[in-house]
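Results of the structural survey
Here is how the chains run, residue by residue.
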Amino acid sequence: MKLYKGVIWALLLTLLLGTVSEATVAQSPPRASLGAGLNTGLESLSSFWGFFFRSFEIAPYEVNIAHSHLQPLTDHSDSAYCFEVTSGTGAPDALESWYGDGDKDDSPPHSTCLSNIYTPPSMNSKPYDEWIKPQTTIQPIMLTPAQIEADGCACEPQEHVLTVGNNAGYDTIVNLTYTVIAGTGVCIGPPQLSLTNGTNMTFTVGFEPRGEPGDVVRCQINAKDATTPSNWDESFITKHLVDWNLDPAGWKLEPIEGATPHQWAGGTVGTHPAAAGQVGYIVGGLSVGLSQPNPDLQMYDPGTGTWTQLTDMPNWRFSLVVGWINGLLYAAGGYDATFSATNDLQIYNPATNAWDNTTPADMPNARGGGAGGVGTCSSGAGECLFHVGGGTNSEFPNTTLETWQYNPATNAWTQLDKKPAGSSRDGFILGAGVGCLGYIYIGGDYRGFHEFYRLDATQPSGSQWTRLADIPAGAGAMTPALVCEEDWGKIMLIGGDPNGYWGNFNNTVYVYDIASDAWEIPLPQTLHVAQLGSVGWQMADKIWTVGGTVGYGAISPMPFEALLQMTCEPCSEFDCYLPLITSNH
């Protein structure tokens, strides 16, 4: 029997010297139960938010919101709220205080609150037990974002949009200055903007950094109130110069006509007799709706921009391990719609458009939810398919850390060292894996673990796994897509859920540098669609992501995006950047 706690979460916002005009729910994602197993996000959720109500506690500056919630005692949930506020006059700053009563049943804890120790009069009988955050400040002149940090090519003009706001209590002119404070380059924008009180305006900053790969160039943008110069704010744009770059224009939507939506499918890059160059394959997965199967084998040809439906899998599965070796597609393990795993190894031959799941040696054990890829065989010769972790069903105690190698040359499976457990008390499930430069990289987990590991099958038993730098806390851990860019020595981590258990869905891309064993800052190019459980490819000088879910079956229409890869050209002595700088009302 599950124990549930009915909660009315109460949160009070107090705007000292100001007015609150509206309060809304920004995001209240459902949470799956944190029990002994997992789900696809398609079944009934045992934790959810209900009604939302807001009213003035003390008009017009203190607002009370009530938000009902139902959850097991073992669970936790998140919700985000937005408040429209106007700062008052006669003070340089408007300070916001937050006060939250966790359950409205007069039981502690009544937490958490801000460190200014402010308690609304109506809450005097419920003293706080923790104070953790400083007051939020609304400045008279605000420049956002405070920081922009990105990779870029030397002498490549780039534009960035900033926003300046006037909360000073009167109409004013905002003077803007641009200074390169580190490295060499040109940074320009409009010299001043006219803002009425309580408004904001976007404007464009042109930045052309100069130097060599590895240099850092930084521009400081200062916004100052012409009426009261003590009212000011600043932002910084930092460029890390590289010898390659990703399209500053960002991810482009790609054609989806003829494709079927999917989540937790297998994917790989290979060839096909009908295509002139490389193609991307999508294997199996879950479809739109409640645990609906998708047995399709789909192929995308970037040369023609078209999708082709090939012969369906004979034994449909999702969350399987897929790889491409010597002109054949290999698909190992996976779950059916009831989370029952298979040990089937299925091989697709594009020359005949046919599957073979009788000749190949099956996996020694049934496994679904694992990860892996193609790497150098333990013998040091040839390529093998590697399968790491997974389980027989959806229960965490039934997952494993086992590592298996399939060698097509011998049609045999060989057990290698187990993957290190890291934060897991049992096995590894629904993280991510990719083969890159002969190694296998494995990270994440359904439960939000952020450890990252490399498998070198050629090493002696007992020393085949190495722990690497952890996946960043903000990056996806539950089923992101991992994509290898061998020429650059990078691994891209796309989307995913950083917390696990269906808590959040990222639209971010993080980059891992293999040589330095370091994660770089997230790319400024974010996805159009936040998701987890997509398939990633690298081909045709682009990084691709296709498919995915936000917890209710495969997303439809299917997300399909690509990010162009570019090689930086050396600077010319004639390079000069004189952009048309505009403000955007």
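Residues numbered from 1 in each chain as written. Predicted model: local features only at pLDDT ≥ 70, side-chain atom pairs only at ≥ 80, totals over all residues. Heavy atoms only, no water.

1. Points about the overall build of the chain
In terms of regular secondary structure, the chain is built from zero helices and 44 strands. Carbon and sulfur atoms provide 52% of the accessible area of the chain, an area that totals close to 23,700 Å². (Helix = DSSP H or I, 4+ residues; strand = E, 2+ residues; numbered from the N terminus. Areas by Shrake-Rupley, 256 points an atom, 1.4 Å probe, with all protein chains shown as cover.)

2. Some thoughts on the layout of surface pockets
Counted as a void, the largest pocket has a volume near 1,100 Å³. Gly267, Thr268, Val434, Gly435 and Leu482 are, among the 48 residues lining the largest pocket, the residues nearest its centre. At the level of secondary structure, the elements contributing two or more residues to the lining of the largest pocket comprise β21 (266-270), β25 (321-325), β29 (371-376), β33 (432-436), β37 (481-485) and β41 (535-539). Ranked by residues supplied to the lining of the largest pocket, first place goes to β29 with six residues. Its residues assigned to classes, the lining of the largest pocket shows 21 nonpolar, 23 polar and four charged. (1 Å grid on protein atoms, 1.4 Å probe; cavity = no way out; pocket = protein on both sides within 12 Å on 5 of 7 lines; lining within 4 Å. Points joined across faces, edges and corners; volume = space filled by probe spheres on them. Nonpolar A, V, L, I, M, F, W, Y, C, P; charged D, E, K, R; others polar.)

3. Things to note about the state of the cysteines
According to the stated counting rule, one finds five disulfides in the structure shown. Cysteine 187 shares a disulfide with cysteine 219; S-S distance 2.0 Å. Taking the sign of the S-S torsion, about -75 degrees here, the bridge from cysteine 187 to cysteine 219 comes out left-handed. Placement of cysteine 187 in strand β14 (residues 184-188) and of cysteine 219 in strand β17 (residues 216-225) is noted, with a sequence separation of 32 residues between them. This pair shows no difference in class: cysteine 187 is buried, exactly as cysteine 219 is. The partner cysteine of cysteine 377 in its disulfide is cysteine 384, sulfur to sulfur 2.0 Å. Because the sign of the S-S torsion sets the handedness, a value of about 100 degrees for the bond joining cysteine 377 and cysteine 384 places this disulfide among the right-handed ones. We note that cysteine 377, like cysteine 384, is buried. (Disulfide = S-S within 2.5 Å. Buried < 20%, exposed > 50% of the residue type's maximum accessible area, 1.4 Å probe, protein only.)

4. Notes on the pairing of β41
Residues Val535, Trp537 and Met539 line the buried face of β41, whereas the alternating positions Gly536 and Gln538 sit on a face that is not buried. One ladder, built from five bridges, connects β41 with strand β42 (residues 542-546); its direction is antiparallel. Residue pairing for β42: glycine 536 is matched across the bridge by threonine 545. If you look at the hairpin formed by β41 and β42, you'll find two residues sitting between the two strands, and alanine 540 has a positive phi there, around 55 degrees. (Pairing = 2+ DSSP bridges.)

5. Remarks on the pattern of salt bridges
Applying the stated rule across the entire model yields eight salt bridges. Linking glutamate 254 and lysine 542 is a salt bridge whose minimum nitrogen-to-oxygen distance equals 3.6 Å. Residue glutamate 254 is found in the loop between β20 (252-253) and β21, and its partner lysine 542 is found in strand β42; the two are separated by 288 residues along the sequence. Relative accessible area serves as the criterion here: at 24%, lysine 542 is assigned to the partly exposed category. A salt bridge links arginine 447 to aspartate 445, with the nearest nitrogen and oxygen atoms 2.8 Å apart. For the pair arginine 447 and aspartate 445, one class covers both residues: buried. Taken together, the salt bridges that share partners define one network made up of Asp426, Asp445 and Arg447. (Salt bridge = Lys/Arg side-chain N within 4 Å of Asp/Glu carboxyl O.)

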